[in-house]
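These are the residues of each chain, in order.
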Protein chains: 4
Amino acid sequence: MGDEGARVAGARRTREALLEAAAQVFAERGVQAPVRDIAGRAGVGVGTVYRHFPDRAELVIAVYRHQIDECAALAEELTGSPEPGQALERWICAFVEFLVTKHGLGVALQSDDMSLRSLHSLMLDTLVPACGRLVDGAVARGELDPGVTAYALMRAVGNLCLLGPGYDREDAHAMVARLLAGCR
Amino acid sequence: MGDEGARVAGARRTREALLEAAAQVFAERGVQAPVRDIAGRAGVGVGTVYRHFPDRAELVIAVYRHQIDECAALAEELTGSPEPGQALERWICAFVEFLVTKHGLGVALQSDDMSLRSLHSLMLDTLVPACGRLVDGAVARGELDPGVTAYALMRAVGNLCLLGPGYDREDAHAMVARLLAGCR
Amino acid sequence: MGDEGARVAGARRTREALLEAAAQVFAERGVQAPVRDIAGRAGVGVGTVYRHFPDRAELVIAVYRHQIDECAALAEELTGSPEPGQALERWICAFVEFLVTKHGLGVALQSDDMSLRSLHSLMLDTLVPACGRLVDGAVARGELDPGVTAYALMRAVGNLCLLGPGYDREDAHAMVARLLAGCR
Amino acid sequence: MGDEGARVAGARRTREALLEAAAQVFAERGVQAPVRDIAGRAGVGVGTVYRHFPDRAELVIAVYRHQIDECAALAEELTGSPEPGQALERWICAFVEFLVTKHGLGVALQSDDMSLRSLHSLMLDTLVPACGRLVDGAVARGELDPGVTAYALMRAVGNLCLLGPGYDREDAHAMVARLLAGCR
DNA sequence: CATGAATGAGCATTCATTCAT
DNA sequence: TATGAATGAATGCTCATTCAT
């Protein structure tokens, strides 16, 4: 049909509205926010959420995948830099920025909730290896303690990015910087 | 009546049983565990939980107060030590041990849940000042970066103690040690 | 337009695909199966199902009408047989086979669901009279208890064909045979 | 406490109200009726239903257990009768009366719904053995076809008791009688 | 004081049905 | 005519909280 495209376009628009709404709601009330709230924020019915994202995990992943991919890409870019230590530092800094901006991801990463297991997997599959290469490079140059693994490092950084009253983005950045300093 | 004392004693016993039960349940299933589970574990009815602890926050605080006080006492003990840097280190190490043992507290501290706000206050009122003296001592001796505040440090340490699959107690200790190293 | 015929032909094809799909799905998951499953099986959109069969009852009827008509035809054929008792027996046997094969019809017949009321009517209008003639023939020859009505008999047979764990097609056949024996 | 009994008594009353309500609702709208409807009919909140009957199966069983037990007792009573054939007949007749009165049980027995599996078990465990003894007795006296098993017989009888428009209690009794006649 | 029965709001999820394209 | 996206009512279930005994 000739109007096939229109319907698909409409669906894509809805999907995007949902992602937008979910990102906001996740940031405000956490990844466990009621589906209804997300639907409401997006101005759609609950059924629509389920049509696009059969389970919560898929929605969470979809919301963060973009930025996770960007992070991975940045790591790629920095890999092989002549200054591995600095490269790692810059990457971690970008990662922190990502985490504190899209707050809610931190909680999601920390949670051992079944429904968010796949977010862990996504991280493990894309970010950890990417970060791993930077870590390896820095270790090879003696600019990082060989006892530091990419996973534990990212996990720690992720935790340090859990904001709260009296502990804001600046604090997170500062603390992560100190952690890194201590990893040399 | 002459059995006034007996009643009071009974109530105290009940209260203690509740604290014991809550500590266990919090560790196993988190601070958000169903009230009924706690009541059941303590062998009392739900109503009794509400009588002793009108809201969840009070129970959470009561459960952790003992250990928080111990932590504060330890800090007191270490204050004025001839080796302020080492003293801080030892104290933080004990704090970490406390956090990873009573897991659930980490989440509680991080959560911005209204009902747990008072736990923050408790920390602010007892632990932060205690820790603050150690920090001040270390700073005075040039063994700690003056930019480090007791609150942010504890917060960061607390976050680093949020365990999960692939990130255990050992990792937490190691990362906290690195953070401290980076704070000098 | 000249393609009027083509459109009609296409619609007919769609309709047949739907009947085919519905028959399969009804057999597998019962007459209450989700509309979407049927549409999916037929490779069409849900809207198409509604266009062809505005309500579930019409679809159910359409699905079974063919076989119901065949049953009626067989009854016609057997009517006036020189052996009325045997004729009835053979017809009932064929009816049983139909019911246990297209399982789901049994439930449909039994259900007093509003939306399936018309299936009852269909039976009443076609099968009952057809069966009635066989019954009458047998009664006339003294080969059947005059107290047996075609409707009650068919209803009973229909019920005996509701299969389940531990009660299969063989059992249904056997029990129906015994019921018939008891009707002489 | 002295008022322990009062609370328990109240709970028992509620439980009975629930069983009463459930029996009515099951009869009117089937065993799959919404929990809310049952709660409403009993004049209690949904939570109360779940407190007393954690899952639907338990409610269904509780509703019918009394009568199932009575049926089993009757079978016991009739076992060893000097007229095994007649004994079986009388028992089946009582069983039919039970089924057509508590209509809804028929559907429940027929359904292969997971949540009702335990009702099957209950029948299998209590009624089938009880009926089996009567069947054995009748078979031993040559008053019943040895090919008839208690389970298949009960299943068939159960099916014959599924009433509907134009097929009432009388019809069920008559058809069961004929089935039994055919089993000799 | 203790009890636990009762309540009902809250959330997830499914699916029949409508309608713009 | 066909499509499938969107809708929302219906339903199951959990759990915090109250209160009569």
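Procedures and definitions
Residues numbered from 1 in each chain as written. Chains lettered and ligands numbered in written order. Predicted model: local features only at pLDDT ≥ 70, side-chain atom pairs only at ≥ 80, totals over all residues. Heavy atoms only, no water. Helix = DSSP H or I, 4+ residues; strand = E, 2+ residues; numbered from the N terminus. Buried < 20%, exposed > 50% of the residue type's maximum accessible area, 1.4 Å probe, protein only. Contact = heavy atoms within 4.5 Å. Areas by Shrake-Rupley, 256 points an atom, 1.4 Å probe, with all protein chains shown as cover. Lys, Arg positive; Asp, Glu negative; His and termini not counted. Charge placed at Lys NZ, Arg CZ, Asp CG, Glu CD. Buried area = accessible area lost by both parts, 1.4 Å probe. Salt bridge = Lys/Arg side-chain N within 4 Å of Asp/Glu carboxyl O. Polar contact = N/O pair within 3.5 Å; in protein donor to acceptor, adjacent residues only side chain to side chain. Nonpolar A, V, L, I, M, F, W, Y, C, P; charged D, E, K, R; others polar. Phe/Tyr/Trp six-rings, centres within 6.5 Å; stacked < 30°, edge-to-face > 60°. Axes fitted to C-alpha atoms, helices over the stretch in contact; angles between N-to-C directions. Parallel < 35°, antiparallel > 145°, perpendicular 65-115°, else oblique. Left-handed = near helix turned anticlockwise from the far one by under 90°. Domains from an automatic or database assignment. Least-squares fit on C-alpha atoms with pLDDT ≥ 70 in both.

Participant: What exactly am I supposed to notice about the overall build of chain A here?
Facilitator: If you tally the helices and strands in chain A, you get nine helices and zero strands. Along chain A, helices and strands appear, N-terminal first, in the series α-α-α-α-α-α-α-α-α. Along the first, second and third principal axes, the C-alpha set of chain A runs to 60 × 40 × 25 Å. Looking at chain A as a whole, 46% of its 184 residues qualify as buried. Taking all contacts inside chain A whose residues are at least 6 apart in sequence as the whole, residues at least 24 apart take part in 65%. Surface accessibility of chain A: about 8,700 Å² in total, with carbon and sulfur atoms responsible for 53%. Taking the average location of the 19 positive side-chain charges in chain A and that of its 24 negative ones, the two points are 5 Å from each other.

Participant: Would you take a moment to explain the environment of A:P54 for this structure?
Facilitator: Residue and element names in this part refer to chain A. Among the secondary structure elements, P54 is positioned in the loop between α3 (46-52) and α4 (56-78). Overall, P54 belongs to the partly exposed group, its relative accessible area being 48%. C-alpha separation for the pair P54 and V139, spaced 85 residues apart in sequence, amounts to 42 Å.

Participant: Mind showing me how you'd approach the interface of chain B and chain A here?
Facilitator: Interfaces are often described in size by the accessible area the parts lose on coming together. Counting residues at the interface gives 24 residues for chain B, matched by 26 residues for chain A. Summing both sides of the interface, chain B and chain A together bury roughly 2,200 Å²; the carbon and sulfur share of this comes to 64%. The largest per-residue losses of area from chain B upon contact with chain A belong to B:P165, B:M175 and B:R178, which jointly make up 25% of the total buried on that side. Where chain B touches chain A, the interface holds two salt bridges. Close ionic contact of A:D145 with B:R178 constitutes a salt bridge, the shortest N to O distance being 3.0 Å. Our enumeration of links across chain B and chain A arrives at seven residue pairs in polar contact (both at pLDDT 80 or more). Sorting the residues of the side of chain B that touches chain A by element identifies α8 (150-160) and α9 (169-182) of chain B as the ones contributing at least two each. At seven residues, the largest contribution of residues to the side of chain B that touches chain A is made by α8(B). Looking at the side of chain B that touches chain A, its residues break down into 14 nonpolar, six polar and four charged.

Participant: Help me out: how do you make sense of the packing of aromatic side chains in this one?
Facilitator: A ring pair, where both rings are aromatic, is described by two values, the distance of the centres and the angle of the planes. Inspection of the entire model under this criterion finds 12 aromatic pairs over all chains. Here the aromatic cluster, defined as three or more aromatic residues joined through ring pairs, consists of A:W91, A:F95 and A:F98.

Participant: Explanation requested: the packing of helix α5 (residues 84-101) of chain B against helix α7 (residues 117-140) of chain B in the structure shown.
Facilitator: Think of two packed helices as two axes; the pair is described by the angle between the axes and how far apart they sit. Residues and elements named next belong to chain B. Interhelical geometry of α5 versus α7 gives an angle of 150 degrees and a closest axis separation of 7 Å. Considering the angle they form, α5 stands roughly antiparallel to α7. By crossing handedness, the relation of α5 to α7 is classed as left-handed. Only L127, C131, L134, V135, G137 and A138 of α7 make contact with α5, whose side of the interface consists of P84, G85, A87, L88, W91 and F95.

Participant: Where do I start with the domain arrangement of chain A in this structure?
Facilitator: Residue and element names in this part refer to chain A. In terms of domain boundaries, chain A breaks down into domain 1 (1-54) and domain 2 (55-182). On a C-alpha basis, the centroid separation for the pair domain 1 and domain 2 is 27 Å. Contacts between domain 1 and domain 2 engage 15 residues on the former and 15 residues on the latter. Where domain 1 meets domain 2, there are zero salt bridges.

Participant: How should the relation of the copies chain B and chain A be read in this particular structure?
Facilitator: Each of the two chain copies can be generated from the other by rotation about an axis followed by a shift along it. Of the two same-sequence chains, chain B is brought onto chain A (RMSD 0.6 Å, axial shift 0.1 Å) by a rotation of 176 degrees. One copy is carried onto the other by what is essentially a two-fold rotation axis. Among all residues of chain B, the one whose C-alpha sits closest to the rotation axis is B:L179, at a distance of 2.0 Å. When the interface residues of chain B are mapped onto chain A, 100% of them again fall at the interface, so both copies present the same face.

Participant: Sorry, what's going on with the arrangement of the chains here?
Facilitator: Chain C makes no contact with chain B, the minimum C-alpha separation between the two being 36 Å. In this assembly chain A lies apart from chain D, the nearest approach of their C-alpha atoms being 21 Å.

Participant: It is not clear to me how the packing of helix α4 (residues 56-78) of chain C against helix α7 (residues 117-140) of chain C should be interpreted in this structure. Could you clarify?
Facilitator: All names here are of chain C. Interaxial distance between α4 and α7 falls to 9 Å at its minimum, and their mutual angle equals 5 degrees. Relative to α7, the element α4 is oriented roughly parallel. Along the contact surface, α4 presents A57, V60, I61, R65, I68, C71, A72, A75, E76 and L78, while α7 presents S118, L119, L122, T126, L127, A130, R133 and L134. A per-class count over the contact of α4 with α7 returns 13 nonpolar, two polar and three charged.

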